[in-house]
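Listed below are the residues making up each chain.
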Protein chains: 2
Amino acid sequence: MLIPFNKYHGTGNDFIMIDNRELRLELKQSQISQLCNRRFGIGADGLILLQVQNEVVEMVYYNADGAPSSMCGNGGRCFVTFCQKLEVLSENGEFLAVDGMHPFKMVDGLVSLKMGDVSAIETINDAVYMDTGSPHYVTMVEDVLEIDLINDARKVRYNNRFSAEGTNVNFVEIMDGVTHIRTYERGVEDETLSCGTGATACAIAMHSLGEVSELEVPVKVLGGKLIISFKPNADGSYTDIWLTGPTTTVFAGETELPA
Amino acid sequence: MLIPFNKYHGTGNDFIMIDNRELRLELKQSQISQLCNRRFGIGADGLILLQVQNEVVEMVYYNADGAPSSMCGNGGRCFVTFCQKLEVLSENGEFLAVDGMHPFKMVDGLVSLKMGDVSAIETINDAVYMDTGSPHYVTMVEDVLEIDLINDARKVRYNNRFSAEGTNVNFVEIMDGVTHIRTYERGVEDETLSCGTGATACAIAMHSLGEVSELEVPVKVLGGKLIISFKPNADGSYTDIWLTGPTTTVFAGETELPA
């Protein structure tokens, strides 16, 4: 069975995008991990199916390991561009993801995606922990570009608190007024060039810690630049959270579905 | 400019293949490295152009870093399958690569490629060094699947003898009669899942050291299995060398040429 697909990336976070509006595809976990394999398959951080049920446009997201995953911000932004090209969505609208409906808008060629509210920010030693659609642990460090990221992140990801469910782990340094971050993603179990929910968590963490005062925070990730805007509330929650950045169509292709 | 391409792999060694018979493409090094980038581009160990000049079919091979490279055995085997699909070559024939003409044949779905003769095998301490189209350093080790390959290989690749030109570095262990190898490739500057010229060098090295007596040696690489056959000569040279293994078409695509 020959499957048409498109390959997208958002600041270096890359995705296989498949139009499944006819609901022909029922992918097994092993097929998804094979398609996402960077040597034997197409290669990607994740795979996204476009589905429509009862006129609701739905993004069905899987990690590279083939398991259904929590919300992916960059995946959602790429999904918007994919749906616009197919004329399934226009420049403003909303779609359904695993954590609920996501309004979006396209402004000046950048895709802005509304993220779920952050109701609680937990303090763990000198780090903060929150859920921005996916769970994120955020620590400030010196020399963020030089740290031994994998080893440092695994100490958190596999500690008593997180080993069962896993957590994403972010390291932040503010240099010359710019928030630089690096993210270790569970599921990928490696550093990625960009993580949208991670950038969102880092921007909110820096605001909650008083490290930045703006309500629109540019965040430099390894693969480019994202902008996070939000509204802080008196009860410590954050609402009206938007993730903004570029999306890139890399190629269109057709592949045989793996056995 | 929209470029059609095909993606192949040979035992996990993967290539972007482009039909350039009309000689429309003149790729810059930066464009090739962008196309081979696994996050921002298509992603591959190398890029191969099919060209035909004066009725001679030519494989033009570039490493993932965008530089023209020495011979690539798995790339050559994938090139044969690509050319057969385009009906540019049949099931037997030959093509031109950077190190000369390469006869090939397809038997039982596997592609066999004739490699250049090995005229000299140099002994360096307890390792051997030879040119199988690309330079290869071969050492026997214990627990080949457990070694710290990158660090061990870099001690050789960047030593006084090799630092300027570079060398590929192979580690071999014979387990239950099967030759297991792992290869660090210069240019990629990392381990790859399979290296055809490396597997060829390892099989000949094992024969020259008396570790195997067969003239047809199965070699297990991380990405699958290759078979190397050869004729040893009284003067220490090896001729009639053939590299055999599977090739896989992964997908067909179209991409914009990067700026």
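Residues numbered from 1 in each chain as written. Chains lettered and ligands numbered in written order. Predicted model: local features only at pLDDT ≥ 70, side-chain atom pairs only at ≥ 80, totals over all residues. Heavy atoms only, no water.

## Some words on the overall build of chain A
Check the secondary structure of chain A and you find four helices and 17 strands. Relative to the compact-globule value of 18 Å for 259 residues, chain A shows a C-alpha radius of gyration of 18 Å, a close match. Along the first, second and third principal axes, the C-alpha set of chain A runs to 50 × 35 × 30 Å. Within chain A, the proportion of its 259 residues that are buried is 55%. (Helix = DSSP H or I, 4+ residues; strand = E, 2+ residues; numbered from the N terminus. Rg over C-alpha atoms; globule rule 2.2 N^0.38 Å. Buried < 20%, exposed > 50% of the residue type's maximum accessible area, 1.4 Å probe, protein only.)

## Concerning the domain arrangement of chain A
Residue and element names in this part refer to chain A. Structurally, chain A comprises domain 1 (2-110 + 247-256) and domain 2 (122-245). Roughly 1400 Å² of surface becomes buried between domain 1 and domain 2 when both sides are summed, with 55% attributable to carbon and sulfur atoms. When the buried area of domain 1 at its contact with domain 2 is split by residue, Thr 11, Arg 77 and Leu 110 rank highest and sum to 33% of it. Remark: the boundary between domain 1 and domain 2 carries zero salt bridges. Counting the contacts that link domain 1 with domain 2 gives eight residue pairs in polar contact (both at pLDDT 80 or more). Listed by contribution, the elements that provide at least two residues to the side of domain 1 that touches domain 2 are helix 2 (73-85) and strand 6 (100-107). Looking at side-chain class alone, the side of domain 1 that touches domain 2 contains four nonpolar, nine polar and five charged residues. (Domains from an automatic or database assignment. Buried area = accessible area lost by both parts, 1.4 Å probe. Salt bridge = Lys/Arg side-chain N within 4 Å of Asp/Glu carboxyl O. Polar contact = N/O pair within 3.5 Å; in protein donor to acceptor, adjacent residues only side chain to side chain. Nonpolar A, V, L, I, M, F, W, Y, C, P; charged D, E, K, R; others polar.)

## Focus on the environment of Met17(B)
Inspection of the secondary structure puts Met17(B) in strand 2 (residues 13-19). Beyond its immediate stretch of four places on either side in the chain, Met17(B) contacts Phe5(B), Asn6(B), Tyr8(B), Ile48(B), Gly75(B), Cys78(B), Phe79(B) and Phe82(B). (Contact = heavy atoms within 4.5 Å.)

## Quick word on the side chain of Thr167(B)
Mapped onto the elements, Thr167(B) comes out in the loop between helix 3 (149-157) and strand 11 (168-175). Contact partners of Thr167(B), with chain neighbours within four places excluded, come to Tyr129(B), Pro135(B), His136(B), Tyr137(B), Val156(B), Arg157(B), Phe162(B) and Arg186(B).

## Let's talk about the pairing of strand 3 (residues 46-53) of chain B
All names here are of chain B. Counting buried positions along strand 3 yields six of eight residues, so the element is predominantly enclosed. Here five bridges tie strand 2 to strand 3, and the two strands are oriented parallel to one another. Directly across from Met 17, in strand 3, lies its bridge partner Ile 48. Note that the unit made of strand 2, helix 1 (residues 29-36) and strand 3 has a crossover that is right-handed. As judged from the eight bridges shared by strand 3 and strand 4 (residues 56-63), these two strands associate in the antiparallel manner. (Pairing = 2+ DSSP bridges. Right-handed = clockwise from strand over helix to strand, strands pointing away.)

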